[in-house]
2 protein chains.
Amino acid sequence: MLALTWIVANEVALVKRRVSLVRQRAIASVPRTRSTAAQPVRMEDVARAVRVSSITVSRALNTPDKLAPATLRAVRAAIERLRYVPNLTAGSLASNRSHIVAVVVPTIANSIFAETINGLAQTLSQQGYQLLLGQTQYQVEEEAALVDAFLGRRVDGVVLTGVAHARGVRSRLHRAGIPVVETWDLSARPIDMVVGFSNRAAGQAAGRYLIAKGYQSLAFIGGTDDRSAKRLAGFREVARECGAKEVSAVLLPASSSPADGSAAVAGLLAKKAPRAVFCSNDMLAAGVMFECARRQVDVPDRLAVMGFADLPIALGIEPSLTSVQVHATEMGQRAGELLLRRLAGDAVRERIVDLGFAVVERASA
Amino acid sequence: MLALTWIVANEVALVKRRVSLVRQRAIASVPRTRSTAAQPVRMEDVARAVRVSSITVSRALNTPDKLAPATLRAVRAAIERLRYVPNLTAGSLASNRSHIVAVVVPTIANSIFAETINGLAQTLSQQGYQLLLGQTQYQVEEEAALVDAFLGRRVDGVVLTGVAHARGVRSRLHRAGIPVVETWDLSARPIDMVVGFSNRAAGQAAGRYLIAKGYQSLAFIGGTDDRSAKRLAGFREVARECGAKEVSAVLLPASSSPADGSAAVAGLLAKKAPRAVFCSNDMLAAGVMFECARRQVDVPDRLAVMGFADLPIALGIEPSLTSVQVHATEMGQRAGELLLRRLAGDAVRERIVDLGFAVVERASA
DNA sequence: TTGTATGCGTTATCAG
DNA sequence: CTGATAACGCATACAA
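Predicted, not measured: the structure shown is a model, and the values here were computed from it.

So what about the overall build of chain A? Which residues, and what values?
Tallying secondary structure elements over chain A gives 14 helices and twelve strands in all. Look at the contacts in chain A between residues 6 or more apart in sequence, and 67% of them connect residues 24 or more apart. On chain A, roughly 16,700 Å² of surface is accessible, and the fraction owed to carbon and sulfur atoms is 53%.

Written out as C-alpha cells, the structure is:
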C-alpha cells in the first residue's frame, strides 16, 4: 500500500506538471481575456527560471539569510525580471498568518482617533503588518459585525476602541485566540490587553481643576458613548463631593463638530448660565468658544471653557483652550507594540497599560 | 493513460481522506498547542455534521437561494452550533477575489481625507468589501511601497489620493489589471478612473473671488504637495491676469494644523502685509484667524481670509470662514460606486468624474 | 438541488 | 544550504 501510494503520487506529479506546462503556454500565446488580466506569474515560474525549487524562492523572500548568496542573487534577479508579485493571500493560508491587524474606531472623522490609528499604523508597518479599518459610527452594534468580518479574514490581531462592546464580541475574540488590545479606556478585566487611561478619573480631574479655580456652577457637553459617559460621571462625582451645584449636561449623539458645541452652549446660556463648561471634545469646546465670541460672552471671565483630548486647535485657538491631554498617538503605538510582542511569541506581562492624562492649563479656564 | 490517471486520482483521494480522519481525531483529543489555539472548525466539519458535502455549506453561505430551504436551515443551525467562522483567506485564494479595497491617503489626521474614506467605506461595506488603509504621510515614495504591499494582498481595487504618483505606481497598477480610482484631483489620462475636481480651477476661483471683492494684494499659505501646488498655480494665474500684485506664498510641508497657519501669517504680517490670504486648508485658515485675533488684526477689514475644503470649523468659527467646498464625502462614495460597478463586471463609461467645487461666501472674506 | 474532482499559490515539515 | 511532498480551506466547473 505504501509503495502504491508513492507511485501514485509520482504519477500525479507528472500529470500535474504536464498540465502546468500547457497552462503556461496558453498564457504566453493566447490574447489576454480582458484588457489587462491579472498577473499569472507564480513562485513556481520564478523557480523554473532560476532552475531551483519554489521553496527556494520562498526562502529568498522570507528568510534570505538561509540561502547561498549566489542563489539569492539569481532568484532576486528573476523576481525583478518576471515582475513577480508574491501572493500574500496564498501565503496567509499556508502559514496561518495574515500579517493584517484590524482596528475598530467610532469614526476617523474625529481626528483624535485618527491620531491613535497613526501611531498604530506606524508601529505595525515596521514589521510589515497592515491595517484593516472598521468604523462603527458610534453604533455599538456595528462592532459585532465588523469583528465577525475581521475574524473571517483571520486577522492576526484586533485593536478596539473602549472597553464596552457589543454582545458576543468578547467571547468571539476570546475564542479566536488572537491578541486583542482595547484602547481609550481602562478595564480591570480586559478581553486581552488594554492601553488607555481612566475616563472617569479624567472627568474627576477636570472637575477638580475647575472647582479649584473657583467655578461653582458647572456644565458638561459631551457624547452619549460609554467613554464620554464615564467622564461625565467622574465630573459629577467631584462636583457633588465639593458641594458644587448640580452639573447640567448636554449629551449629543456622535458629535464632534464646532456647530454642535455652539448649539449646546446656546441652550445652556439660555437658562441659568453655568460659570464653567467641560466639553468632552476640543472641537465641541471650540464651538462653545465661537458661540461665546458671537454673543460677546467673555471667555474665561464670564464662562470658563475646558476641552478634552488636547487637539492642535486647543493650542491655536484664541484664547487658548485648557484641555485634558490624553496621548492619543502613543496609545496607538503602545497598542501596536503589545500586539507585535505577542505576535512574535513573547509573553506580555503588563496587560493593562495606563497612559494617564494631564490637565493642560491655558487661558480659557 | 487516461484510465490510469483516473484510478490514480481516486487512490490519492482515499489516502487523503484517511489522513484527514487522523488529523481530525488528533484535534479532538490532543491538548491544544498554545493557550487558546485558532478555531479548527472548517467547512467540512459543518458539512459532516449535516451529512452534506462541503460545497453545500459553501452555497449556504454564498448563494443561499440555490439550496432547499430545509437544507439551508440545517446548515445554518450547524454553523451556529459549531461556531463556524468561514475562512475568507481560503475563499479569496480559491475565488481570486479578496473583497478588500485598498485606500491610500496622505494622512487621516487631516479630517478632510477622513471624510472621503468615510464615504468610501460606507459605500463599499454595503457589498461586503473592506478597507485596507495606507498613509503616505505626504512622503510620495511611500506610495510605491504601499501599492506593492496591497497588490501582494491581491486587493480587488485601489483608491489613491491625487494624480501624481511615485515611480512605477502607474505601471504596476496597470499590470495588475484591477480597478483603480484616483481622487482629489482630475487628470485627462487617469490610471483607470478618477473622481475629483480641478485643483487649478479651484485656485483660480479663489483668486477671482478675492479680486472681485476688491483685494489687490494677495498671499497664499499651503502645502508642498502636488494638489496644493496646483491651487497656488491657479491662484497666481488669475492674480497675474487681473493685474494684482505678485502673490507671496508660504509653503509648509505636510501641514494642516492651526499652529502652522498662525506661524505662517505671522511671517506674512511682519513684511508688507497682504490684504487677503488664501489658505489651502481650513485648519490653516483657522490658525491665521486665531493669530489675527491675538494681534488685533481685524478679519476681514484688515486681512481677508479664505480657506479650503469647507470643514465644519469654517461654519463654526467667528467670523465664519469663506471657503471652497469640495464634496469630500461624495468623492469617496463615488469612488466606491465606480469600483463596485467594475467589480460587478459592468463597464464604466464615465471614467473621469468632475465633482466640481463651490466658493462658499461667509464673513471672513 | 446536490455532489465530485480539482486547483488556487504559498509555507511547514521533514529529508538529504 | 536545498528539495520533495503535503497541507492550508475554500470555490469553480462540471456532472448527476
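So that's the structure; there's more coming.
Residue-level account of the relation of the copies chain A and chain B, with values.
With an axial shift of 0.0 Å and an RMSD of 0.1 Å, the rotation relating chain A to chain B amounts to 180 degrees. This pairing of chains is accounted for by a two-fold axis. For chain A, the residue whose C-alpha comes nearest the rotation axis is Leu132(A), separated from it by 2.3 Å. A shared binding surface is used by both copies, with 100% of the interface residues of chain A retained as interface residues in chain B.

How would you explain the packing of helix α9 (residues 199-212) of chain A against helix α10 (residues 226-241) of chain A if you had to name every residue and give the values?
All names here are of chain A. One way to put it is that α9 packs onto α10 with a least axis distance of 6 Å and a crossing angle of 40 degrees. Classified by the interaxial angle, the pair formed by α9 and α10 is oblique. The two elements α9 and α10 meet at a crossing, and its hand is right-handed. Residues Asn199, Arg200, Gly203, Gln204, Ala206, Gly207, Arg208, Leu210 and Ile211 of α9 form the contact with α10, whose own contacting residues are Arg227, Lys230, Arg231, Gly234, Phe235, Glu237, Val238 and Ala239. In the contact of α9 with α10, the residues fall into six nonpolar, five polar and six charged.

Summarise the interface of chain A and chain B; cite the residues concerned and give the values.
Often, the extent of an interface is quoted as the loss of accessible area upon association of its parts. With 62 residues of chain A at the contact, the number on the chain B side is 63 residues. In total, chain A and chain B occlude about 5,400 Å² of area from one another, counting both sides; carbon and sulfur atoms represent 60% of this. Counting across the chain A and chain B interface gives two salt bridges. Linking chain A to chain B there are 24 residue pairs in polar contact (both at pLDDT 80 or more). When grouped by side-chain class, the residues that make up the side of chain A that touches chain B number 34 nonpolar, 20 polar and eight charged. Summarising the sheet, strand β2 (residues 130-135) of chain A and strand β2 (residues 130-135) of chain B pair through three bridges and their orientation is antiparallel. Bridge assignment links Leu133(A) to a residue of β2(B), and that residue is Leu131(B).

Pulling in residues and values, what's your account of the pattern of salt bridges?
Where charged atoms from two side chains of opposite charge come close, those side chains can pair. Applying the stated criterion to the full structure yields 36 salt bridges over all chains. In this structure, the salt-bridge partner of Arg48(B) is Glu44(B), at a minimum N-O distance of 3.6 Å. With Arg48(B) and Glu44(B) both in helix α2 (residues 43-50) and four residues apart, the pair spans about one turn of that helix. What makes Glu44(B) partly exposed here is its relative accessible area of 35%. Its salt-bridge partner being Arg172(B), residue Asp148(B) comes within 2.6 Å of it at the nearest N-O pair. Within this pair, whereas Asp148(B) is found in helix α7 (residues 140-152), its partner Arg172(B) is found in helix α8 (residues 169-176), the two being separated by 24 residues in sequence. Classification of Arg172(B) as partly exposed rests on a relative accessible area of 25%. Here the salt bridges do not stand alone but share partners, grouping Arg42(A), Glu44(A), Asp45(A) and Arg48(A) into one network.

Go over the protein's contact with DNA strand C with me, naming the residues and quoting the values.
Around DNA strand C, 25 residues are found, and the nearest of them are Met43(A), Ser58(A), Tyr84(A), Thr56(B) and Thr71(B). The sugar-phosphate share of atoms of DNA strand C within 4 Å of the protein amounts to 71%. At 2.6 Å from a base nitrogen of DNA strand C is found a side-chain nitrogen or oxygen belonging to Arg59(B). Between Thr71(B) and DNA strand C, the recorded distance is 2.4 Å, taken from a side-chain N or O atom to a phosphate oxygen. When residues of the surface near DNA strand C are traced back to their parent elements, those giving at least two are α3 (54-62) and α5 (88-95) of chain A together with α1 (2-29), α3 (54-62) and α5 (88-95) of chain B. When residues of the surface near DNA strand C are assigned to their parent elements, the largest contribution, four residues, is made by α5(A). For the surface near DNA strand C, a count of residues per class yields 13 nonpolar, nine polar and three charged.

Which residues make up the nonpolar core, and what are the values?
The biggest cluster of nonpolar side chains holds 156 residues, and the ones touching the most others in it are Leu210(A), Ile221(A), Val305(A), Leu210(B), Ile221(B) and Val305(B). In contact with Leu210(B), not counting residues within four places along its chain, are Tyr215(B), Leu218(B), Phe235(B), Ala276(B), Phe278(B), Met306(B) and Ala365(B). Counting residues in hydrophobic clusters, the runner-up holds 40 residues, among them Ala176(A), Val180(A), Val155(B) and Ile191(B).

Could you give me a rundown of the pairing of strand β4 (residues 180-183) of chain A, with the residues and numbers involved?
Residue and element names in this part refer to chain A. Covered by surrounding structure in β4 are Val180 and Glu182 together with Val181 and Thr183, the residues of both alternating faces. Where strand β3 (residues 157-161) lies against β4, four bridges are found, and the strand directions are parallel. Note that in β4 the partner of Thr161 across the bridge is Thr183. In the classification by handedness, the crossover that spans β3, the intervening helix α8 (residues 169-176) and the parallel β4 is right-handed. Note: β4 against strand β5 (residues 193-196), three bridges, orientation parallel. Residue pairing across strands places Thr183 opposite Val195, the latter belonging to β5.

Provide a residue-level description of the pairing of strand β8 (residues 276-279) of chain A, including the pertinent values.
Residues and elements named next belong to chain A. Side chains Ala276 and Phe278 project from β8 onto one buried face, and the interleaved Val277 and Cys279 project onto a second face that is buried too. Strand direction decides the pairing type here: strand β6 (residues 218-223) and β8, joined by four bridges, are parallel. Within β8, the position partnered with Phe220 by the bridge is Phe278. Two strands pair when backbone bridges link them, and β8 and strand β9 (residues 304-306) are joined in this way by three bridges, in the parallel orientation.

I'd like a rundown of unusual backbone geometry, residues and numbers included.
Residue Glu318(A) is joined to Pro319(A) through a cis peptide bond whose omega torsion reads -5 degrees. Here Pro319(A) is to be found in the loop between α13 (312-316) and β10 (323-325). Positive phi, normally seen in glycine, also occurs at Trp184(A), with a value near 65 degrees. By the secondary structure assignment, Trp184(A) is in the loop between β4 and β5. Although it is not a glycine, Asn96(B) sits at a positive phi angle of roughly 60 degrees. With respect to the element layout, Asn96(B) can be found in the loop between α5 and β1 (100-105).

Describe in detail α9(A), supporting the description with residues and values.
Residue and element names in this part refer to chain A. Here α9 is 14 residues long and its end C-alpha atoms lie 20 Å apart, about the 20 Å a rise of 1.5 Å per residue gives. For α9, a buried count of ten out of 14 residues is recorded, marking the element as mostly surrounded by other parts of the structure. Every buried residue of α9 is listed here: Asn199, Ala202, Gly203, Gln204, Ala205, Ala206, Gly207, Tyr209, Leu210 and Ile211. The elements touched by buried residues of α9 are β6, α10, β8, β9, β10 and β12 (358-360). Positive backbone phi, at 100 degrees, marks Gly214, one or two positions downstream of α9.

Outline the domain arrangement of chain A, listing residues and values.
Domain boundaries in chain A define domain 1 (43-86), domain 2 (98-197 + 329-356) and domain 3 (199-325). Between the C-alpha centres of domain 1 of chain A and domain 3 of chain A the distance comes to 61 Å.

Could you give an account of the sheet that holds β9(A), naming the residues involved and the relevant values?
All names here are of chain A. Taking strand neighbours across the sheet as the criterion, the four strands line up as β7-β6-β8-β9 in an open arrangement whose pairing is parallel. The sheet is open, and its two borders are formed by β7 (248-252) and β9, each paired with just one other strand. For this sheet, the mean angle separating the axes of adjacent strands, direction not counted, is 15 degrees. On top of the sheet, α10 reaches β6, β7 and β8; it is set at about 170 degrees to β6, its chief contact.

Cut-off values and rules
Residues numbered from 1 in each chain as written. Chains lettered and ligands numbered in written order. Predicted model: local features only at pLDDT ≥ 70, side-chain atom pairs only at ≥ 80, totals over all residues. Heavy atoms only, no water. Helix = DSSP H or I, 4+ residues; strand = E, 2+ residues; numbered from the N terminus. Contact = heavy atoms within 4.5 Å. Areas by Shrake-Rupley, 256 points an atom, 1.4 Å probe, with all protein chains shown as cover. Least-squares fit on C-alpha atoms with pLDDT ≥ 70 in both. Axes fitted to C-alpha atoms, helices over the stretch in contact; angles between N-to-C directions. Parallel < 35°, antiparallel > 145°, perpendicular 65-115°, else oblique. Left-handed = near helix turned anticlockwise from the far one by under 90°. Nonpolar A, V, L, I, M, F, W, Y, C, P; charged D, E, K, R; others polar. Buried area = accessible area lost by both parts, 1.4 Å probe. Salt bridge = Lys/Arg side-chain N within 4 Å of Asp/Glu carboxyl O. Polar contact = N/O pair within 3.5 Å; in protein donor to acceptor, adjacent residues only side chain to side chain. Pairing = 2+ DSSP bridges. Buried < 20%, exposed > 50% of the residue type's maximum accessible area, 1.4 Å probe, protein only. Near = heavy atom within 4 Å. Core = buried A, V, L, I, M, F, W, Y, C linked by side-chain atoms within 4.5 Å. Right-handed = clockwise from strand over helix to strand, strands pointing away. Expected span 1.5 Å × (residues − 1). Domains from an automatic or database assignment.

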